[in-house]
Amino acid sequence: MGWANGIAGRTRAARLTGSGTAARRILPTLSLALSVALPLVLLPLLPRVAAAAPEPPLSALTLVGPPALVFKAGRDACDGADVPDAPARAFRDASGAVALYGMHYRNRALRGPDLEHLKIDCAVVLDSGEKPDPATYDDRSWITATWTEDGSRVAALLHHEYQANEHPGRCPAASYMACWYNTITAAASTDGGRSFKRQSPPVVVAGAPFRQEIDQGRHRGFFNPSNIVADGMWRYFLASTTGWTRPGSDQEAGVCLFRSDDPADPTRWRAWTGTGFTAAFPDPYRAARPNTATCRPVGPFPGPVGAVVRHRGTGAWIAVFMAKAGEGFPRSGFYWTTSRDLITWDSPRLLLEGATLYDDPCAATAPLLAYPSLLDPDARGRNFDDVGDRALLTYASLRMEGCTITSDRDLLRRPVAIRVWP
């Protein structure tokens, strides 16, 4: 299953026509399909996945109620940049109020007293500069993970896309997939997530050990970090990579596990190598000799992990993700898998069936499913990284017009019952 097959036909919703100021126009009637073919914050299926642990399963997840609407773009958007475009990430601020991220690259938050009463805040917390210099790491960025200890100081991981095809002279192929160069970068807030700033110079948490003009013709780098979770003194997240080939430093494609003892210092993240958390991926624009260590992919994931949470009663980890039918997945939809150690995972099982962003949009007969996350309104942690025996499957529904994914998108939640065997 090729990379391009999973992304063909998809569109980005932040722009209405052309470029520049068009991205900031007020959202028009959302039943209209977008006219510009642009990507979403998502990766298609990985060419290889790590083996799952043998039976029996460690957990059972069951949908126990209908979907409820959290955000509807046509009703709630501040402007054309307000569409669900990444898995939902939430935390409680110092006052106890909830901030939830997962919108577009003109980043805004949904806020409210709890997860079940959220409304869009039209203030932009982090904008994207769309700068042509790849060394600035400020082309298009999505807040895709947050962590806070006190509700005031918030660390964020950014999925940063350098879309060289949008910058003249940067990529001869002039197509998104062939020119896409991706990194995970960092930002921070000191006001409870109401504004985020990047460091100067920027901090690369994970990226390829070469610059954006190298290996063009395919998308390269690290993509789509999961939420951050806690285990004792350590913090973890999962991220996808397309891999690379370098003398003495071949990186296998897959999902890598990162660990840190201090998310507030983004330079401290290290990836699992198979023997320890020692792989670092410094900025190739500033490191004379980038580290040659690579990460060992974990889990049976065919693409990015939507979210990972820890079950309070047993300590087991539960991850949700989406998959396309084929290569070990009998049907398209959202799947879950469970682990005792974040490295070895059991066989994935289907949670919600439906065509996803990995499927052919031209064949879709219903809105596409995307960006699954698990959030427990009663989470004990400030960062919603734990769940009890109930949680909310939070995800996006994307409507089609012909073969085009439109900006008519809903953010939905459905109650899920969770059982984990000791």
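Because the structure is predicted, anything quoted here is derived from the model rather than measured. Residue numbers here run from 1 along each chain, matching the order of that chain's written sequence. Two thresholds apply to this predicted model, a pLDDT of at least 70 for residue-level local features and 80 or more for giving and counting side-chain atom pairs, whereas whole-chain, interface and lining totals are computed over all residues. Only heavy atoms go into the side-chain values, all of them from the structure, while hydrogens and water stay out.

Trainee: Please explain the overall build of the protein chain as it appears in this structure.
Mentor: Helix numbering and strand numbering both begin at the N terminus, where a helix is a DSSP run of H or I of at least 4 residues and a strand a DSSP run of E of at least 2. Helix and strand counts for the protein chain come out as three helices and 24 strands. Three labels apply to residues, based on accessible area from a 1.4 Å probe with only protein chains included: buried if under 20% of the type maximum, exposed if over 50%, partly exposed otherwise in between. Here the protein chain, with 422 residues, has 59% of them falling under the buried criterion. The criterion used for residue contact is that any of the two residues' heavy atoms lie within 4.5 Å. Sequence-distant contacts, at least 24 apart, represent 60% of the contacts inside the protein chain between residues at least 6 apart. Approximately 15,400 Å² of the protein chain is accessible, and the part contributed by carbon and sulfur atoms is 52%. All accessibility values rest on the Shrake-Rupley procedure with a 1.4 Å probe; residue burial counts only the protein chains present in the view.

Trainee: Would you mind going over the pattern of salt bridges with me for this structure?
Mentor: Side chains bearing opposite charge may pair, as long as their charged atoms lie close to each other. Should a side-chain nitrogen of Lys or Arg be within 4 Å of a carboxyl oxygen of Asp or Glu, the pair is scored as a salt bridge. In the structure shown here, the tally under the stated rule is 23 salt bridges. The partner of aspartate 283 in a salt bridge is arginine 286, with the nearest N and O atoms 2.5 Å apart. Residue arginine 286 is classed as partly exposed on the basis of its relative accessible area of 43%. Here the residues in one salt-bridge network are Asp79, Asp82, Arg106, Arg108 and Asp127, joined through shared partners.

Trainee: Explain unusual backbone geometry to me, please; I cannot follow it from the model alone.
Mentor: Most peptide bonds take the trans form, and the phi angle of most residues other than glycine is negative. Cis geometry marks the peptide bond from serine 200 to proline 201; its omega dihedral reads 0°. Note on placement: proline 201 falls in the loop between strand 9 (180–189) and strand 10 (204–206). The phi angle at phenylalanine 384 is positive, at roughly 55°, despite the residue not being glycine. If you trace the backbone, phenylalanine 384 turns up in the loop between strand 21 (368–375) and strand 22 (386–387). In this structure phenylalanine 384 comes out as buried when scored by relative accessible area, which is 2%.

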